Each structure stands twice: as structure tokens, then as C-alpha cells.
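Take a look at the letters that make up each chain.
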Amino acid sequence: MTAEMVAPAWMHEQVTAEQYATWTPEQCAGIEIVDGMVLVSPSASKRHNRLARLLANALDVAAGSDWNADTDFDVRLQDLPLNNRRPDVTVYRAETIDISPTRPEHVLLVVEVVSPGSETTDRIVKADQYAKAGIPFYWRVEQAPTGAPVVHTYVLDASVGHYRDDEVFTGSLKVAAPFTVEVDLRQI
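Note that the coordinates shown come from a computational prediction; the quantities given were computed from them, not determined experimentally.

A.B. asks: Please provide a residue-by-residue account of the nonpolar core, values included.
C.D. replies: Core analysis: the largest hydrophobic core is formed by 26 residues, its most contacted members being Leu55, Leu59, Val91, Val111, Trp139 and Leu173. The set of elements that each furnish at least two residues to this core consists of α4 (46-63), β3 (67-70), β6 (89-93), β7 (107-114), β8 (137-142), β9 (150-157), β11 (172-175) and β12 (181-184). Looking at this core element by element, the count peaks at six residues for α4. Leaving out residues up to four positions away in the same chain, leucine 55 has contacts with Val89, Val111, Val141, Leu173 and Val183.

What follows is the structure, encoded as C-alpha cells:
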């Protein structure tokens, strides 16, 4: 069995931003590009998707008219080599809704919901990439086997290019920055 039998040839070669721009939405669904290489993400669980949607809805309402909160779209962290991440929730400038790709300067907050198989990527790799890209806030949501999820919040320390720990929430999320929002995490 050859690699081409398992996955198309375009998944085995480094992809440029120009090539990626020609791909169909179907080709771009469920993948991220890291250092030009395609990473396929497995389908998320219903619990994961519900949690992301509840957070996005709460953030969208709380953010006001200047910001939107949505799920499942690319954030272009860099062009060379191509790095596209697809955060579970992204809060971005409302005025950039029709601008593609979404760039870090459009983004205020990204949220990653940790799933089995994404622990190291969400806890370490993505946090580092988002910080280096200059995204001001990062939230990591740990799903508990039982009970409410735990939300770890981080704020960018631009002087060093890394996130610093902020607050940790269980049961209920109540933050004042980047804007005031309250979410009952027990709805999951």
C-alpha cells in the first residue's frame, strides 16, 4: 500500500499560501497547515462542538458590535512557511468578516477545547504559535470526564512574546477582559 492510496498526493508535499488559495472549501475543511504541511483533524465530539458553540455564542453577545465570535475557520498565522490554524472559537474584528485570510492582527482571542489526541498541541504548540503571532488572549478549555469543563485563561506579555497565566475557572466563567462575559460551564 502506498501513501497515495491512503491520502491524496497534495497531502504529502509542502503547500504554499498561493496553492492553498486555489483549494476548494471541501479540501480545506477539517485540516490545518503547519510549516506548509497538511494536518488532518478528526471530527470533534458532540460535547466538544457544543462547548465551542456555547462559548462562541456567549462571547459574540458580550463582545458588542466591534467584535464577532465564530467557530471553525482559518487564522493565517504566517505565509512562509504557511501556517493556518483553525481555533475552536475565534473573536475577531467585526469589520474584517469578509477579509480572507483572517490574520492575527484581526484577532483578539482564540479558544481551544482540548480533546483526546490534541493535549500537547493545544496546551503547548498552539499557545506558543498564537503568542508569537501576537494574539492578545488565549483560552484553553479542558474537558472533564464528568462535571463542568475547566477554562484556563492567558494574556499575552508582548515584551517576551509569551502568554502569562491569568485565571482558571470551573463551573462558571466570569471575566472582565478582553470584555465582560459570564458563562455557566455546567450547561454542557
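Now that the structure has been shown, we can carry on.
A.B. asks: Can you break down the pairing of strand β1 (residues 31-34) residue by residue, with the values?
C.D. replies: With burial as the criterion, each face of β1 is covered, one bearing Ile31 and Ile33 and the other bearing Glu32 and Val34. Note that β1 and strand β2 (residues 37-40) share four bridges and pair antiparallel. Counterpart to glutamate 32 in the pairing with β2 is leucine 39. Counting the residues that bridge the hairpin from β1 to β2 gives two residues, and of these aspartate 35 lies at a positive phi of roughly 50 degrees.

A.B. asks: I'd love a proper account of the side chain of threonine 153, names of residues and values included.
C.D. replies: Mapped onto the secondary structure, threonine 153 falls in strand β9. The exposure class of threonine 153 is buried, given its relative accessible area of 4%. Only 2.8 Å separates the side chain of threonine 153 from the backbone oxygen of glutamate 167, close enough to count as a polar contact. In contact with threonine 153, other than residues within four places in its own chain, are Tyr138, Trp139, Arg164, Asp165, Asp166, Glu167 and Phe169.

A.B. asks: Which residues make up the pairing of β7, and what are the values?
C.D. replies: Within β7, eight of the eight residues are buried, leaving the element largely enclosed by the surrounding structure. Relative to β7, β6 runs antiparallel, the two being bridged by four bridges. Each bridged residue has a counterpart across the sheet, and for valine 89 the counterpart in β7 is valine 111. Summarising the sheet, β7 and β8 pair through six bridges and their orientation is parallel. Within β8, the position partnered with valine 110 by the bridge is tyrosine 138. With helix α5 (residues 119-133) bridging β7 and its parallel neighbour β8, the resulting β-α-β unit is right-handed.

A.B. asks: Got a sec to walk through the sheet that holds strand β10 (residues 162-170)? Specific residues and values, please.
C.D. replies: In a beta sheet, neighbouring strands pair by backbone hydrogen bonds and run either parallel or antiparallel. Read across the sheet, six strands follow the order β3-β6-β7-β8-β9-β10 without closing on themselves; strand pairing throughout is mixed. At either margin of the open sheet sits one strand with a lone partner, and together these are β3 and β10. On average, adjacent strands in this sheet sit at an angle of 15 degrees to one another, irrespective of strand direction. The sheet contact formed by β8 and β9 spans six bridges and is antiparallel. Following the sheet pairing, tyrosine 138 is matched in β9 by tyrosine 154. The strands touched by α5 within the sheet are β7, β8, β9 and β10, with β7 carrying the most contacts at an inclination of about 170 degrees.

Reading the values: rules and limits
Residues numbered from 1 in each chain as written. Predicted model: local features only at pLDDT ≥ 70, side-chain atom pairs only at ≥ 80, totals over all residues. Heavy atoms only, no water. Core = buried A, V, L, I, M, F, W, Y, C linked by side-chain atoms within 4.5 Å. Buried < 20%, exposed > 50% of the residue type's maximum accessible area, 1.4 Å probe, protein only. Helix = DSSP H or I, 4+ residues; strand = E, 2+ residues; numbered from the N terminus. Contact = heavy atoms within 4.5 Å. Pairing = 2+ DSSP bridges. Polar contact = N/O pair within 3.5 Å; in protein donor to acceptor, adjacent residues only side chain to side chain. Right-handed = clockwise from strand over helix to strand, strands pointing away. Axes fitted to C-alpha atoms, helices over the stretch in contact; angles between N-to-C directions.

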